[in-house]
Structure formats: C-alpha cells, structure tokens
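Analysis of the macromolecular model
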Amino acid sequence: MAGRRRSNDDDFDQQALMRGERGAWDRFVDGFTGVVQSAIRTLPGFGMVGRGEAADLAQDVFTALVAQDYRLLKQYDPARAAPATWLTIVARSIARDRMRRRQPIGVAIDDVPEESLSVPPVEIQEKVQIPPGLLSPRQELILALLYEKDMDPIEIAQALEIEAQTVRSQHHKALTKLRRHFAEIENPGGDAAPKGSLSRFKRS
C-alpha cells in the first residue's frame, strides 16, 4: 500500500475547508493525516501509541475541526504557526483529552494519575488583551500554549522543534514586555506593573 505523500502548506486552504469544499478536504486529509498520527503516536506522557489507536484518534481530530460550525478550525492563525505545527498541537491536545477519558474501569484509585482526576479550574480572571505587535508571533504562540492549552515547556519545545530553554526564555521576554506595557499605561513614568494586570499569566 502506497504511503501518504508529505504535507505542505498548499494542502491547507483554511477558507476552502470552512466552506466545506470536498476537494480541499480530500487534499487536507491526505496531506496531513501523517502529521496528525505522528503527533499522536509520540504523545508526551503516554508512551508510544499504537498505530490502530492513533488512526482512531486522528479521526477524532479531523471530526473536532469541523464540529460546531468549524469552531476549532477558525482558531488557526497563520501568523502564529505553520499548519503542521498547529495541527500537531491540536492533535496532541485532543488525543490527550480522549485518552484520559479512557482510564480503565477497576483500576485502584491510588494508581490513577492525579492529573486524570483533577477538575479544571474555573477561569475567573479576565484574559489580558495583548496589543497587536507588542510580542513576536512566537512569543504569542508560546503564551497561548502555556496558558490556554496548559502545555509545559518541554511539550511546547517538542511541538515547535526548539529547545525547552528557548521556550522559557521567550516566555520570560514576553512577560517582561507585557509588564512594561501595562505599567506605562497604568502609571506613566513609573516602573511597576499595575496590580492584577498580569494575573492571567502566572506560570513560572
């Protein structure tokens, strides 16, 4: 059986996909199934996922992209990441969620990973609105992955194919820029960020 061809950006026509064009979807699925399955098979924290399970989870990913009037697909921003990078992140997020839900019945409660039992915290803080152009596209993407996808620096480094230290460095630089920006707005001429202005960003 011939393998799937390698994906390229031409296989990802976001507008055509959201219009439901069959040809666009055929090219997209044919071009990016390998990317999605590869991301799932090397899912951090779950070991090597079998080919059959990875194929099933890949179907879940493509289904999620079209659900609720393409809500997830509409979130893709080409200025922040290449299609393959974004799909890797999306695939791992969806697969991780699905696999945690499949925790076998009958496993002793002490043997269940703590993160699988935790309840996601309710977000009560207003999300900081980042001014356009303040951060680089990579810095914006790293913040989004840290705080919106709850990925750790190592997972992000693997997804973006960079060093974990680079993730931490870009995170630090982004927060420094944000603190300076909000400090200037709240207290012109001062050097302290306004109280609570960065409460949305607390990960070290």
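Residues numbered from 1 in each chain as written. Predicted model: local features only at pLDDT ≥ 70, side-chain atom pairs only at ≥ 80, totals over all residues. Heavy atoms only, no water.

If you look the protein up in an unreviewed UniProt entry, it shows as Sigma-70 family RNA polymerase sigma factor from Lacibacterium aquatile. In its Sequence similarities (unreviewed entry) section, the UniProt record describing the protein reads: "Belongs to the sigma-70 factor family. ECF subfamily." (UniProt positions renumbered as here; feature names shortened; annotations may be inferred.)

Relative to each other, helix α6 (residues 137–147) and helix α7 (residues 153–160) sit at 130°, their axes nearing to 10 Å. Here α6 lies oblique to α7, going by the angle between them. The handedness of the crossing between α6 and α7 is right-handed. Note on element contacts: α7 touches α6 through Pro153, Ile156 and Leu160, opposite Leu141, Ile142, Leu145 and Leu146. In terms of residue class, the contact of α6 with α7 is built from seven nonpolar, no polar and no charged. (Axes fitted to C-alpha atoms, helices over the stretch in contact; angles between N-to-C directions. Helix = DSSP H or I, 4+ residues; strand = E, 2+ residues; numbered from the N terminus. Parallel < 35°, antiparallel > 145°, perpendicular 65-115°, else oblique. Left-handed = near helix turned anticlockwise from the far one by under 90°. Contact = heavy atoms within 4.5 Å. Nonpolar A, V, L, I, M, F, W, Y, C, P; charged D, E, K, R; others polar.)

A few words now on the nonpolar core. In this structure, Phe12, Phe28, Ile40, Leu65 and Trp86 are the most contacted members of the largest nonpolar core, which totals 53 residues. When contributions to this core are tallied by element, the ones reaching two or more residues are α1 (14–18), α2 (22–41), α3 (51–70), α4 (83–101), α6, α7 and α8 (164–186). Ignoring any residue separated from it by four or fewer positions in sequence, one finds Leu65 in contact with Trp25, Phe28, Tyr70, Arg71, Leu72, Leu73, Trp86, Leu87 and Val90. (Core = buried A, V, L, I, M, F, W, Y, C linked by side-chain atoms within 4.5 Å. Buried < 20%, exposed > 50% of the residue type's maximum accessible area, 1.4 Å probe, protein only.)

This part is about the packing of α3 against α4. Relative orientation and spacing of two packed helices are given, respectively, by the angle between their axes and the distance between those axes. Two elements in contact, α3 and α4, have axes whose closest approach is 9 Å; the angle formed by their N-to-C orientations is 110°. Here α4 runs roughly perpendicular to α3, going by the angle between their axes. α4 is crossed by α3, and the crossing has right-handed handedness. Residues Glu53, Leu57, Asp60, Val61, Ala64 and Leu65 of α3 form the contact with α4, whose own contacting residues are Trp86, Leu87, Val90, Ala91, Ile94, Ala95, Arg98 and Met99. In terms of residue class, the contact of α3 with α4 is made up of eleven nonpolar, no polar and three charged.

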